[in-house]
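# Geometric and topological summary
As a plain string of letters, each chain reads:
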There are 2 protein chains.
Amino acid sequence: MGHEVVEIDVAAGIVKALENATGTLSEEPFDQLLLGTGGRAIRPNIPGIDLPHVLVAHTLDDAQALHSIADARMGDDSWNVVVIGAGYIGLEMAEAFVTRGHRPVLVDLQDYPLPGLVPELGVLVKGCVEHSGVEFIGGTEVTAITPESVVCGDRELPADLVVISVGTAPCSELAAAAGIELGAGRAIAVDERMQTSAEGVFAAGDCATSRHLITGKQVFFPLGTNANKHARVAGINIGGGQARMPGVLGTAVTRYLELEIATTGLSLDQAQAAGIDACSEQISTLTKPGYMPDSSTAQVVLVAERGSGRVLGGQIVGGSGSAKRIDTIATAATASMSVAQLLDTDLAYAPPFSTVWDMVAVAARELLKKV
Amino acid sequence: MGHEVVEIDVAAGIVKALENATGTLSEEPFDQLLLGTGGRAIRPNIPGIDLPHVLVAHTLDDAQALHSIADARMGDDSWNVVVIGAGYIGLEMAEAFVTRGHRPVLVDLQDYPLPGLVPELGVLVKGCVEHSGVEFIGGTEVTAITPESVVCGDRELPADLVVISVGTAPCSELAAAAGIELGAGRAIAVDERMQTSAEGVFAAGDCATSRHLITGKQVFFPLGTNANKHARVAGINIGGGQARMPGVLGTAVTRYLELEIATTGLSLDQAQAAGIDACSEQISTLTKPGYMPDSSTAQVVLVAERGSGRVLGGQIVGGSGSAKRIDTIATAATASMSVAQLLDTDLAYAPPFSTVWDMVAVAARELLKKV
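How each quantity is defined
Residues numbered from 1 in each chain as written. Chains lettered and ligands numbered in written order. Predicted model: local features only at pLDDT ≥ 70, side-chain atom pairs only at ≥ 80, totals over all residues. Heavy atoms only, no water. Helix = DSSP H or I, 4+ residues; strand = E, 2+ residues; numbered from the N terminus. Rg over C-alpha atoms; globule rule 2.2 N^0.38 Å. Buried < 20%, exposed > 50% of the residue type's maximum accessible area, 1.4 Å probe, protein only. Areas by Shrake-Rupley, 256 points an atom, 1.4 Å probe, with all protein chains shown as cover. Lys, Arg positive; Asp, Glu negative; His and termini not counted. Charge placed at Lys NZ, Arg CZ, Asp CG, Glu CD. Pairing = 2+ DSSP bridges. Expected span 1.5 Å × (residues − 1). Axes fitted to C-alpha atoms, helices over the stretch in contact; angles between N-to-C directions. Contact = heavy atoms within 4.5 Å. Phe/Tyr/Trp six-rings, centres within 6.5 Å; stacked < 30°, edge-to-face > 60°. Lys NZ or Arg CZ within 6 Å of the ring centre and 35° of its normal. Polar contact = N/O pair within 3.5 Å; in protein donor to acceptor, adjacent residues only side chain to side chain. Salt bridge = Lys/Arg side-chain N within 4 Å of Asp/Glu carboxyl O. Least-squares fit on C-alpha atoms with pLDDT ≥ 70 in both.

## A word on the overall build of chain A
Counting its secondary structure elements, chain A contains nine helices and 22 strands. The globule rule puts the C-alpha radius of gyration for 371 residues at 21 Å, and the 23 Å found for chain A is close to it. When the backbone C-alpha atoms are referred to their principal axes, chain A occupies close to 70 × 60 × 35 Å. Going through the 371 residues of chain A one by one, you find that 53% of them count as buried. About 15,600 Å² of surface is accessible on chain A, with carbon and sulfur atoms providing 51% of the total. The averaged location of the 43 negative side-chain charges in chain A is 7 Å from the averaged location of its 24 positive side-chain charges.

Written out as structure tokens, the structure reads:
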């Protein structure tokens, strides 16, 4: 039977919940408590945001509703969809509509898709998105949604369906009401053991903060990888064990049709903003030798600290088989390897898989001239 | 005009060469010398090894000759090919014949293909090879080659073509004759700067030794990756710079049809033989979530030192997108990361690329229970 938790009394060690069917209030005592309240799709405060044709893509139900609509309107050229927000979810939505024969319009505040991507790689993603039949409108804020349109800048875009994908917010209200400290992005602040400011109360997943492995700062990265690591660490500690979460890099990967995109750690701007004397190099290379029939181009950006040469992060945009190589950079950054060490690393080569110098090593070789 | 070097006089700093066209002997003085004499395919001492239908697959000319024969005999069921040696080259040869409609027989001393692979993964490769229509005869030595057959054990295999792929030997005779020290596998012994025992004489590529990054021992790994790293280091040092080659892991990757295979560092047996108190775990997982249409299985073996938990090596056999993840293990081993650190590493996840815990992290999670 469903219960809705309405209050956490930390001092008394009690959770109060309403039974959905009967409205009865019950109390559940706890010695230790895990908050896994998750996140929700942000619905920005725009006139018209609550209109019935404005949907988000957060839950499985959301996805199924969108799927049904997109399929039902397949082949209907008079039907228009606007996707607001060109992050990972927005890009996936645009791709899903394109593969069903629609020509969505994708609107974002930034000049290119995927915030966090450096502009040089962002424009490549933009080009690929536009080439696929999407109209990308960058650097533009949506000011209103009407029953038939989306208003942004001086344009009014016809819209039978509007998908909002501007990010995830943590469901931290219950914790806040219980006096538990919130942190980055208003997520529930946790320590390395995933314990909140309240002794014995843990939090994990999209409702909780993480620690950035390189900057050491508290961050809010609502990603499945982090949620799984959170839960493992919280679970071990609740069970009486000792586990800690050293930190995250914000590693993420996606694809738009054939184009693969990945990022980890700090960009040059982010490193400099964190007070690190950093440098960066971008190289253009191939996913595998040019004589292989399925070779394609790839761009790699690698970032390191000057002096120490410590690897801080990287980004990859390229053809099939390129994006998962971000893991080499993530591993190097986790181990505080230098660019020189990364260049010397014995990475796997065979023509169906890589050039003889792996693309990450090519980037390291070039960056080595700057660090 | 072609010249054949016939002698290196290290003390005098002179290379003596015969001009091929005229037979004239010329002398070339040197201050510094690079030996890049490469390797050659081993032709084992078997009766019949010099018969004209016995070929190797080492040079581009070799490959083109084999290609022509395989194509010319396409569809001829009475034509038989035997491949001796089931290492990387032997497997690639078997695959090339299979994709041209032939049913090659593959013979090896070992019970399964790819020496160095642990038996549990080797049998998977064997199964894939056999499933594709190859007869694999393991644990068997070839004792003779006749004009019509290959004799191994108590069998006589009909053979119109025999391909020998039992490994690569270094071309080190000139160096040895000059009094330069040879090392592992009779390759030219070099130090971290790629300098031989003779001051000012360097060696690089398939003729030269490497140092194993983990055991510190001299090894002979004739691989393209090592050759390229050798050449970079030797070139910088010859040019007056300072470069060193910290060591190699023997990282290698290949595929047999759809099956990807990769290895890096030490197996459990190799670690124990090197005197390291090591442990190993093998896990079975998926290349990406099971709901993705192109998800397939993968096996990962991870090896670490007990106590310290230091990552020593790993092996992967699996479907598309699995093998290149060996680079994560290679990077971790290079950085002397522990299994716990590897488990905590923020590896990239999205359903088209990986399960939420990357297969390498899944292996680390299981191995963590043993270290």
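## Focus on the pairing of strand β19 (residues 259-265) of chain A
Residues and elements named next belong to chain A. For β19, the tally of buried residues reaches seven of seven residues, placing the bulk of the element in the interior. Strand direction decides the pairing type here: strand β18 (residues 252-256) and β19, joined by five bridges, are antiparallel. Across the sheet, residue Y256 finds its bridge partner in β19, namely L259. In this sheet, strand β22 (residues 311-318) lies alongside β19 in antiparallel orientation, the contact comprising six bridges.

## Some details on helix α2 (residues 88-99) of chain A
All names here are of chain A. Its 12 residues give α2 an end-to-end C-alpha distance of 17 Å, which sits within 8% of 16 Å, the value for a rise of 1.5 Å per residue. Among all positions in α2, only G90, L91, M93, A94, E95, F97 and V98 are buried. Positive backbone phi, approximately 90 degrees, marks G101, located one or two places after α2.

## Digging into unusual backbone geometry
Non-glycine residue L257(A) carries a positive phi angle of around 50 degrees. Looking at where L257(A) falls in the secondary structure, it is placed in the loop between β18 and β19. One non-glycine residue, S336(B), lies in positive phi territory at about 55 degrees. Residue placement: S336(B) occurs in the loop between α7 (326-334) and α8 (339-344).

## Remarks on the sheet that holds strand β8 (residues 105-107) of chain A
Sheet strands pair via backbone hydrogen bonds, and the direction of the pair is either parallel or antiparallel. Residues and elements named next belong to chain A. Taken together, the five strands give an open sheet; going across it, the order is β6-β13-β7-β8-β9, and neighbouring strands pair in parallel fashion. Looking at strand neighbours, the two that pair on one side only are β6 (54-56) and β9 (135-137), the edges of this open sheet. Sheet twist, expressed as the average angle between the axes of neighbouring strands with direction ignored, equals 20 degrees. Sheet strands touched by helix α1 (residues 60-72): β6 and β13 (161-164). Its angle to β6, the strand with the most contacts, is close to 130 degrees.

## Details of the packing of aromatic side chains
All names here are of chain A. This structure, assessed with the given rule, holds two aromatic pairs over all chains. Ring centres of W79 and F97 lie 6.3 Å apart, and the angle between their planes is 45 degrees; on these two criteria the pair is classed as tilted. Taken together, the residues W79 in the loop between α1 and β7 (81-84) and F97 in helix α2 connect sequence positions 18 residues apart. Each member of the pair, W79 as well as F97, carries the same accessibility label: buried. Taking NZ or CZ as reference, R365 lies 5.2 Å from the ring centre of W357, over its face.

## Here we look at the side chain of Q299(B)
All names here are of chain B. For Q299, the position within the fold is in strand β21 (residues 297-305). Among the polar contacts listed, one links the side chain of Q299 to the side chain of Q282, at a separation of 3.4 Å. The contact partners of Q299, leaving out residues within four places of it in the chain, are L121, L124, Q282, I283, S284, Q315, I316 and V317.

## What about the side chain of D108(B)?
All names here are of chain B. Here D108 lies in the loop between β8 (105-107) and α3 (119-131). In this structure D108 is buried but unpaired, with K126 as the nearest side chain of opposite charge at 12 Å. The residues contacting D108, other than those within four sequence positions of it, are G85, A86, G87, F136, I137, G138, G139 and T140.

## Regarding the sheet that holds strand β3 (residues 25-29) of chain A
Residue and element names in this part refer to chain A. Strands sit in the order β1-β2-β3 across an open sheet of three strands; the sheet is antiparallel. At either end of the open sheet lies a strand with only one pairing partner, and these are β1 (3-9) and β3. Neighbour-to-neighbour, the strand axes of the sheet open up by a mean angle of 30 degrees, direction not taken into account. Pairing of β1 with strand β2 (residues 14-19), which is carried by six bridges, proceeds in the antiparallel orientation. In the strand pairing of β2, I8 is matched with V15.

## Description of the relation of the copies chain A and chain B
Turning chain A through 180 degrees and shifting it by 0.0 Å along the axis lays it on chain B, with an RMSD of 0.0 Å. Here the transformation between the copies is reduced to the relation of a two-fold axis. Considering only C-alpha atoms, the residue of chain A closest to the rotation axis is T328(A), which sits at 2.6 Å.

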